[in-house]
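The residues making up each chain are set out below.
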Amino acid sequence: MELIVAKFGGTSIGNGRRIKKAARSVVKEYMKGRKVVVVVSAINKTTDELLQIVDEAMEDAVTEKQLAEIVSMGEMTSVRIFSSAIEALGVKSEYIDPFMDEWPIITDSNLLNAKVDFEATEEKSRELLKLLDQGIIPVVCGFLGRDPNGYITTLGRGGSDITAFLLGHCLKADEVIIVTDVGGVMSTDPNKLQGAKKLDKISVEEMRDLATHGAQVLHPHALKYKDPDIKAKIIGFEHGDLSAPGTEIIGPSKNKMVKTTTLNPDPISVVAVVGEKILNKPGILARLTSRLAENSINIIGISTGQNSVTIFVDKKDADEAHRLLHDVVIADDDLSSLSLGRDIAMITISSPDFIDTPGIISEITKPLRDNDLNIVEISSSQTSVVIFVDWNDGKKAYELVRGVLE
């Protein structure tokens, strides 16, 4: 019998009519013979309103324990209403909150931004299987956890997504369905550009990067628990149907861990273009990169300084790239000269945890410093750090930084 985990965001259960529609969509899947675990957020804006009340009433006097308990009220209210709505449709349901023995999400004691204890959670999640085997639909608070002392913890804003994918992983669900106020993942924020289109599919890696750079569709940490064999999709609440099409989340690849360290197999060459204060002159990057693109030369990386642009290309393309960019420099008064550097190695370290890991760059670079390996260039994003070193140092550097993620 198939098992699905369906998570309903705050907007999708924002009023009684929507809660009823959501409950009907769950019961519809149940009547098809599927087991369903429901995860719900606080009803729309409840958490924000609770936080505002706390701020106005107590200012800085509230403790972390008190605050965690107060903001948990939104989810604990939601599960009771949602479970009752399911039972009103003639199907057995039980709400599950952190005060109950069946509560599955166990965390550390960082009360307001807790980390999941995966092994303990995996074991406790089996309690839900007992309910499912009895024909009961569990409705679980999203966003919340419980620490070893029995205190309520929270997983951070947007944590209900983590709850859904975590339970999907622990229960070996067939599918995780995220129900939101949009019909899926859009090509960009539709509130900012009217031409935004819904995507039929998106990879875990793309979705993670999109989320870490500000998209509000899904919490980036939720995808840590996305198994390759578990289907997942994001749909809109307006359908009232969990079988509705949305955006399917593909992966991750079975051969690719979410945390990775890779060494580019071939040497890379550096072309450095210089000019006075070129960072403040519009169009410089476009002129340089367009010339390479017109000649089918791929740019592996690029970095900028106040007076320079450094472009990384495959060694096999280096001489041609040097010649083409020299033509641009000669023709452009804003540029003065360029150089073709030595062969270098590129090492990429990626992890969704980087965004919440202060000092990660120093952790990565420390073993290189300790072994007297010089870094030619370094660049970073919210989920990856790219290091360039001398080609002869590449393999050693790779082995040293690989240990950072282990």
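Values in this document were obtained by computation on a predicted structure and should not be read as measured data.

*Asks:* How should I be thinking about the overall build of the chain in this particular structure?
*Replies:* A count of helices and strands for the chain gives 11 helices and 17 strands. On the principal axes, the C-alpha backbone points of the chain span a range of 80 × 50 × 45 Å. Here the chain holds 406 residues, and 47% of them are scored as buried. Look at the contacts in the chain between residues 6 or more apart in sequence, and 73% of them connect residues 24 or more apart. Accessible surface for the chain amounts to roughly 19800 Å². Of this, 49% is attributable to carbon and sulfur atoms.

*Asks:* Which parts of the structure should I look at to understand the packing of helix 2 (residues 46–58) against helix 3 (residues 64–88)?
*Replies:* Helices that pack against each other are described as a pair by the angle of their axes relative to one another and the distance between those axes. At a closest axis distance of 8 Å, the pairing of helix 2 and helix 3 adopts a crossing angle of 150 degrees. Between helix 2 and helix 3 lies a crossing of right-handed hand. For the pair helix 2 and helix 3, the contacting residues are Thr-46, Thr-47, Leu-50, Leu-51, Val-54 and Met-58 in the first and Leu-67, Ile-70, Val-71, Met-73, Gly-74 and Glu-75 in the second. Grouping the constituent residues of the contact of helix 2 with helix 3 by class yields eight nonpolar, three polar and one charged.

*Asks:* Just to check I follow, could you spell out the sheet that holds strand 4 (residues 137–141) for this structure?
*Replies:* Hydrogen bonding along the main chain pairs the strands of a sheet, whether they run parallel or antiparallel. The sheet built from eight strands is open, its strands ordered 3-4-2-1-7-9-10-8 with mixed pairing. Lying at the two open borders of the sheet, with one neighbouring strand each, are strand 3 (93–96) and strand 8 (201–203). On average, each strand axis in the sheet is inclined to that of its neighbour by 20 degrees, with strand direction left out of account. Strand direction decides the pairing type here: strand 9 (residues 231–236) and strand 10 (residues 247–250), joined by two bridges, are antiparallel. Bridge pairing in strand 10 places Ile-234 opposite Thr-247. In the packing of helix 3 onto the sheet, the strands contacted are strand 1 (3–8), strand 2 (35–40), strand 3 and strand 4, and the crossing angle to strand 4 comes to about 165 degrees.

*Asks:* Any chance you could explain the side chain of Ser-41 here in plain terms?
*Replies:* Note that Ser-41 resides in the loop between strand 2 and helix 2. For Ser-41, a relative accessible area of 11% corresponds to the buried category. Among the polar contacts made by the side chain of Ser-41, one reaches the side chain of Ser-160 at a distance of 3.0 Å. Dropping the residues within four chain positions of it, Ser-41 is found in contact with Lys-7, Phe-8, Gly-9, Gly-10, Ile-13, Glu-75, Ser-78 and Ser-160.

*Asks:* Would you explain the domain arrangement of the chain in this entry?
*Replies:* By a widespread convention, an interface's size corresponds to the accessible area lost as its parts come together. Split into domains, the chain comes out as domain 1 (1–248) and domain 2 (258–401). Between the C-alpha centres of domain 1 and domain 2 there is a distance of 40 Å.

*Asks:* Even after reading the chapter, I still don't get the pattern of salt bridges, so can you show me in this structure?
*Replies:* Side-chain pairs of opposite charge can arise whenever the charged atoms involved come near each other. The final tally for this structure, using the stated rule, is 23 salt bridges. For Arg-34, the salt bridge identified is with Glu-29, shortest N-O distance 2.7 Å. Comparing Arg-34 with Glu-29 shows no difference in burial state: the two are buried. Of the charged contacts, one joins Asp-334 and Lys-281 as a salt bridge, the two residues approaching to 3.6 Å between their closest N and O atoms. Highlighted residues: Asp-334 in the loop between helix 9 (318–331) and strand 15 (337–350) and Lys-281 in the loop between strand 12 (268–274) and helix 8 (284–294), separated in sequence by 53 residues. Members of the salt-bridge network, linked through shared partners, are Glu-2, Glu-29, Lys-32, Arg-34 and Glu-175.

*Asks:* What exactly am I supposed to notice about empty space enclosed by the protein here?
*Replies:* A probe matching the size of a water molecule, rolled over the atoms, marks out where space remains unfilled. Per the stated rule, a full pass over the model turns up one cavity of 30 Å³ or more. There is about 80 Å³ of room inside the largest cavity. Lining the largest cavity are 13 residues, and of these Phe-8, Ala-22, Val-179, Phe-237 and Gly-240 sit closest to its centre. Only helix 1 (16–31) and strand 9 provide two or more residues apiece to the lining of the largest cavity. The element contributing the most residues to the lining of the largest cavity is helix 1, with four residues. Residue composition of the lining of the largest cavity, by class: six nonpolar, four polar and three charged.

Definitions and cut-offs
Residues numbered from 1 in each chain as written. Predicted model: local features only at pLDDT ≥ 70, side-chain atom pairs only at ≥ 80, totals over all residues. Heavy atoms only, no water. Helix = DSSP H or I, 4+ residues; strand = E, 2+ residues; numbered from the N terminus. Buried < 20%, exposed > 50% of the residue type's maximum accessible area, 1.4 Å probe, protein only. Contact = heavy atoms within 4.5 Å. Areas by Shrake-Rupley, 256 points an atom, 1.4 Å probe, with all protein chains shown as cover. Axes fitted to C-alpha atoms, helices over the stretch in contact; angles between N-to-C directions. Left-handed = near helix turned anticlockwise from the far one by under 90°. Nonpolar A, V, L, I, M, F, W, Y, C, P; charged D, E, K, R; others polar. Pairing = 2+ DSSP bridges. Polar contact = N/O pair within 3.5 Å; in protein donor to acceptor, adjacent residues only side chain to side chain. Domains from an automatic or database assignment. Salt bridge = Lys/Arg side-chain N within 4 Å of Asp/Glu carboxyl O. 1 Å grid on protein atoms, 1.4 Å probe; cavity = no way out; pocket = protein on both sides within 12 Å on 5 of 7 lines; lining within 4 Å. Points joined across faces, edges and corners; volume = space filled by probe spheres on them.

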